[in-house]
Structures are given as structure tokens and as C-alpha cells.
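# Structural characterization, general
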Amino acid sequence: RPRVLSGIQPTAGSFHLGNYLGAVRQWVALQETHDAFYMVVDLHAITVPQDPKELRANTRLAAAQLLAAGLDPERCTLFVQSHVPEHAQLAWVMNCLTGFGEASRMTQFKDKAARQGADRASVGLFTYPILQVADILLYQAHEVPVGEDQRQHIELTRDLAERFNGRFGETFTLPKAYILKETAKIYDLQDPSVKMSKSASTPKGLINLLDEPKTTAKKVKSAVTDTDTVIRYDVENKPGISNLLTIHSTLTGTSIADLERQYEGKMYGALKTDLAEIMVDFVTPFRERTQQYLDDPETLDSILAKGAEKARAVAAETLAHAYDRVGFLPAK
Ligand code: AQP
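The following paragraphs examine the structure supplied in this document. Just so it is clear, the structure is predicted and the values come from calculations on it, not from any experiment.

## As for the site of the ligand
- Among the 22 residues in the neighbourhood of the ligand, the closest are listed as Asp-149, Lys-195, Ser-197, Lys-198 and Ser-199.
- Residue Gln-9 places a main-chain N or O atom 2.7 Å away from an oxygen atom belonging to the ligand.
- Within the contact set of the ligand, an oxygen atom lies 2.5 Å away from a side-chain nitrogen or oxygen of Asp-149.
- Broken down by class, the residue content of the shell around the ligand amounts to seven nonpolar, 10 polar and five charged.

## Points about empty space enclosed by the protein
- This model, assessed by the stated rule, comprises one cavity of 30 Å³ or more.
- What the largest cavity holds in volume is close to 30 Å³.
- Forming the boundary of the largest cavity are Gln-108, Phe-109, Lys-112, Leu-125, Tyr-128, Pro-129 and His-153.
- For the lining of the largest cavity, the secondary structure elements donating two or more residues are helix H6 (107-116) and helix H7 (123-138).
- The class makeup of the residues in the lining of the largest cavity is four nonpolar, two polar and one charged.

## Remarks on helix H3 (residues 52-69)
- With 18 residues, H3 should reach 26 Å at 1.5 Å per residue; the first-to-last C-alpha distance of 26 Å fits that figure.
- Leu-55, Asn-58, Thr-59, Leu-61, Ala-62, Ala-63, Ala-64, Gln-65, Leu-66, Leu-67, Ala-68 and Ala-69 are the residues of H3 that are buried.
- Immediately downstream of H3, the backbone of Gly-70 shows phi near 125 degrees, a positive value.

Thresholds, definitions, all that
- Residues numbered from 1 in each chain as written.
- Predicted model: local features only at pLDDT ≥ 70, side-chain atom pairs only at ≥ 80, totals over all residues.
- Heavy atoms only, no water.
- Near = heavy atom within 4 Å.
- Polar contact = N/O pair within 3.5 Å; in protein donor to acceptor, adjacent residues only side chain to side chain.
- Nonpolar A, V, L, I, M, F, W, Y, C, P; charged D, E, K, R; others polar.
- 1 Å grid on protein atoms, 1.4 Å probe; cavity = no way out; pocket = protein on both sides within 12 Å on 5 of 7 lines; lining within 4 Å.
- Points joined across faces, edges and corners; volume = space filled by probe spheres on them.
- Helix = DSSP H or I, 4+ residues; strand = E, 2+ residues; numbered from the N terminus.
- Expected span 1.5 Å × (residues − 1).
- Buried < 20%, exposed > 50% of the residue type's maximum accessible area, 1.4 Å probe, protein only.

Right under this line is the structure:
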């Protein structure tokens, strides 16, 4: 079985619809066909200022949401990044292989640093993509299911893996980004020219899966569209409607073409009302399942402990190999 690896940050508490449709939904499907490793990336979460109590709670919350979304610990390896120290260890080695200019070209860093004020951005935020490189290479992953915003980081992973292999001998598998075109980028409901994002979206434009279902319905109904009246998929001229069609199509499994036929001659309000109902039907059981996992932290923690043990077995082997290649004297 080919291997996949992916991670999600525990920063915001609730996952948003972009995280779910762009990434987590694929994770659930891939556990059936791949040897899948999924993690809550708490090391990444401290690249911006965090509250320790919240981070701990949000890490459990992220794991609970992943299980509620359909990850099955019998079918995949689910763990917390900081439980596997090899991530930070390999990241150091990869840091030393990365050019300063190369790291400076990462657009996510530029965006996030600009939002924080360049002087306040941490060195950790700067090297975040290199930690991600280590995350992926440790598991010798073939594919990395992510949203479009992560493509550049996967390219960096391939570059650094090739560089390491070229300099020290074949060690790492070169991974590929696994990006589903349809849901690669879910847009902000209030400004469909930007991606839905926890740090950049307005509260009204961001669908949090753990919001009150009533709030979710309201956000869908007040999504920004355009002044035309035809329900048609056209990202250029109708980004708002196209975004709603994408969400509808993915959640219901109806093709966009069928949706266009179904809504022929109907008003935008009809699409929004239907989608609000679909969203409510989706988030209501999701919230309940998440709560059930949170109500039983012992079970949750033991799932994560087993996951970390499985992950470490793989990560430790890769790290030992990489350390040896680099020329570190083995500890006796
Ligand atoms: N709008 C989106 N459409 C599709 N996929 C998305 N992802 C994020 N936003 C969208 C994907 O979600 C996965 C988890 O990402 P993360 O935990 O790194 O979160 P993030 O990218 O930090 O999420 P945000 O909301 O975009 O955070 P900020 O605002 O901090 O940048 C990834 O696979 C990502 O591609």
C-alpha cells in the first residue's frame, strides 16, 4: 500500500469548512486505500503565540474532530506531533540543508508574517515549512493530501529530499501533493476572492464546523454572491455562487452539472436555503460525535498513545538512517 501523511493544526479550536473539504475529507477516504499517517501538528501551532491551556485543550479537540469526521484508529495511524520527538530532530538536519533565500520565498510565511508585523514573526514561523518537510520525509510518504495553499511546501519537500539523497545517498522517498481539484480551495463566504482561513477570514465568511448549526445556516444564507440571477459554475465571473456549488456538490455527491440543471430558473435564495439545510445536517451529528470523544478523554488519550507508538516505530528508523548518512557518530 502506498503511504500518505498529513497534518492539521490545533490552533483554532474548531476546524473550518476549508480544512474539512480541502483536507480531512480526503484523509477519511485514503485510509481505505493507503497506509495512512495523520497527525495533529502541535509543534506547528506554537509558531504563533499560544496559550498553553488552550493548546492542550485544542489538541484533544482536534483529535476528537478527526475521529468524528471518520478517521478510524484501526485503519490509520492518528497521533500528536510532539509525541514523536523525531520530527524536531529531523527538522534540524533539514534546516541545515535549506538556503536562507529558498526559505524566504515561501509565500505562506510572507502572508502570515505580514499579518503579524514582520518584526513580531518568530524564527519558528520562518522555518515552519522545513518542519513540515521533516514531517513528511520521516514517514517516507508517497502522497500528501492537502489544500492548494500547501503546494509550495510539498515542492520544497521534494527539493530537499532530492538534495539530501544527492549529497548523502538515497534515503528519502520523494512525495507528491495529493490535491483534489474541486475542493482544493474553499473560499471565504463574504469575500470569495480569498481562501477561507481561520486567521484571515471575517467571522461571517468562515464556517466553523463546531459553530451552533443555526449560526452556520445564517452564514450560508448571507453568503456574498453577485448581481446576476443565473445559478451557474463560473469561478471568474461568479466566484460566490461557484463556491456554494462546490460545497453543495461535495457534501451531497451531486455533480455540478446536475446542480446547474436542478437550479435552472431558480433564485439564488433557493440554493442558499438548500445548502444551509445540507450544512446543518452535516454539522449536527459531527458536533455530537466530537462531544462524545471529548467526554471520554481517557479513551481519546489512549488512541493517541497507540498512534504515537506506531508512528515512532517508523520515524525512529528513518531518523537513524538519516543521522547515519549525515555522519553523526552513533550513541553507544
Ligand atoms: N480554504 C481552504 N480550502 C481548501 N483547503 C484548505 N486548507 C486550509 N484552508 C483551506 C487545508 O486544511 C489543511 C489543514 O491546514 P492547517 O491546519 O495548516 O491550517 P491552515 O492552513 O493554517 O488553515 P488556515 O485556516 O488557512 O490557517 P491560517 O489562516 O493560519 O493560514 C491543509 O491541508 C490546508 O491545505
